[in-house]
Amino acid sequence: NILDCVTDGLRWETLKFAGRLLCELFQSNPKYQNSVLDTLQDFLVQRLPLTQRVGTQAFISLLLGTGTLPPALNDRARHGVLVNRALTLLDSPDMRVGADAYCLLCLLLRVFECDSFLFDFARRQLRMERDNVAEWLRVEVDAARIAPGADGPSGPVPTGGRHAGTVALLHERVAQSLSQHCGPQAPAEGEVLSRLNETNADFCESFRKEAGWILKWGLLIYLAKRNKQLCDEMVEGGLTESLLMCLLDLAHPVRQGAALNELQRLVAISFALGDN
């Protein structure tokens, strides 16, 4: 049983060849296609990110490598299971797993046009962003705190250039953290290294969350591009305002850049759908 062999496998090569074997079994033995697909689906809910990636990439390979799709892949119920499991993987702490899941979802949409399975996800994602009052308030408070004085003299370009606001906010938070833990006395070298390691771990965790946010919003915009009715519903529900608020969030520069790209795509979609 291949699934039993890869459940606790830690080596990429072993998992990769297991995925290839399953793909070859699927293509060469029509009798066992449903069993192969069930096994690959189980890969997506395994504990190890490597196993999840092999399952996701195997499905991508099958969808791209077959000319006429066999009935086993045209099962509507299977599409729903794949969509739900791939959506769960978007929140994976391993960004490569999330990226593979995003590719699989987009491919499922193009090949099977199963957009309706993702409508609830799109509405839920927009509602969560719109109803997050604390985040909206934080954006306004941060902007007011680091905004340059309107009546002050124009001096030299501040540190950070056009990202001066973000740099100033980072400096402020570092200073606050040091003052809370150390007071006016400078911390020892070992303590500084320990503090830096904690900060690095926090940054990595934050960056993973940013990556998941970008993937989800990219998927939402892709859905809006494919469905005029959903696009109209999302815009009426506050899609544009939510992206604009993310664009103003100086504390999350990665999210800022992604929000700008998604806004530009939304403008292009609006023109394209308007022409139709």
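As the structure is a prediction and not an experimental result, all values here were calculated from the model. (Residues numbered from 1 in each chain as written. Predicted model: local features only at pLDDT ≥ 70, side-chain atom pairs only at ≥ 80, totals over all residues. Heavy atoms only, no water.)

1. Quick look at unusual backbone geometry
For Glu 113, which is not glycine, the phi torsion reads 50 degrees and is therefore positive. Looking at the element boundaries, Glu 113 is found in the loop between helix H6 (95-112) and helix H7 (119-130). Using a relative accessible area of 58% as the deciding quantity, one classes Glu 113 as exposed. (Helix = DSSP H or I, 4+ residues; strand = E, 2+ residues; numbered from the N terminus. Buried < 20%, exposed > 50% of the residue type's maximum accessible area, 1.4 Å probe, protein only.)

2. Considering the pattern of salt bridges
Per the counting criterion, the structure on display carries 11 salt bridges. A salt bridge links Arg 85 to Asp 42, with the nearest nitrogen and oxygen atoms 3.8 Å apart. Of the two residues, Arg 85 sits in helix H5 (residues 76-89) while Asp 42 sits in helix H3 (residues 33-43), which places them 43 residues apart along the sequence. A relative accessible area of 24% places Arg 85 in the partly exposed class. Measuring nitrogen to oxygen at the nearest pair gives 3.1 Å for the salt bridge that ties Arg 265 to Glu 262. Of this pair, Arg 265 and Glu 262 both sit in helix H13 (residues 253-275), separated by 3 residues, roughly a single helical turn. Residue Arg 265 is classed as partly exposed on the basis of its relative accessible area of 45%. A single salt-bridge network, built from bridges that share partners, covers Asp 120, Arg 123 and Glu 233. (Salt bridge = Lys/Arg side-chain N within 4 Å of Asp/Glu carboxyl O.)

3. A look at the side chain of Asp 115
Checked against the element boundaries, Asp 115 lands in the loop between H6 and H7. Asp 115 sits in the buried class, given a relative accessible area of 6%. Look past the residues within four positions of Asp 115 in its chain and what remains in contact with it is Leu 109, Leu 223, Arg 226 and Asn 227. (Contact = heavy atoms within 4.5 Å.)

4. Re the packing of H3 against helix H4 (residues 49-65)
The N-to-C vectors of H3 and H4 enclose an angle of 140 degrees; their axes lie 7 Å apart at closest approach. The orientation of H3 with respect to H4, classified from their angle, is oblique. Here Leu 37, Leu 40, Gln 41 and Phe 43 of H3 lie close against H4, whose contacting residues are Thr 51, Gln 52, Val 54, Gly 55, Ala 58, Phe 59 and Leu 62. Split by residue class, the contact of H3 with H4 holds 7 nonpolar, 4 polar and no charged. (Axes fitted to C-alpha atoms, helices over the stretch in contact; angles between N-to-C directions. Parallel < 35°, antiparallel > 145°, perpendicular 65-115°, else oblique. Nonpolar A, V, L, I, M, F, W, Y, C, P; charged D, E, K, R; others polar.)

5. Focus: H6
Think of an α-helix as turning once every 3.6 residues; residues three or four places apart then point the same way. Helix length check: H6 (18 residues) gives 26 Å between terminal C-alpha atoms against 26 Å at 1.5 Å per residue, within 8%. Residues of H6 that are buried: Val 97, Gly 98, Asp 100, Ala 101, Leu 104, Leu 105, Cys 106, Leu 107, Leu 108, Leu 109 and Phe 112. Measuring from the backbone nitrogen of Arg 96 back to the side-chain oxygen at the start of H6 gives 2.9 Å, which picks out Asp 94 as the cap. (Expected span 1.5 Å × (residues − 1). Polar contact = N/O pair within 3.5 Å; in protein donor to acceptor, adjacent residues only side chain to side chain.)

6. Some thoughts on helix H11 (residues 228-236)
Along H11, the positions that sit buried rather than exposed are Leu 230, Cys 231 and Met 234. The arc that holds every buried residue of H11, seen down its axis, measures 100 degrees, which confines them to one face. In H11, the exposed positions angled more than 90 degrees off the buried face are occupied by Gln 229 and Glu 236. (Arc of directions from axis to C-beta.)

7. Thoughts on the confidence of the model for the protein chain
Caution is warranted with low-pLDDT regions, since their predicted coordinates should not be read in detail. Scored by pLDDT, the protein chain comes out at a mean of 77, with 65% of its residues at no less than 70. Within the protein chain, the element-level pLDDT minimum falls on helix H1 (residues 2-6), averaging 57, and the maximum on H5, averaging 96. Confidence drops under a pLDDT of 50 for residues 150-162, and excluding neighbours within four residues, the segment shows 4 contacts in the predicted structure. (pLDDT = per-residue confidence, 0-100.)

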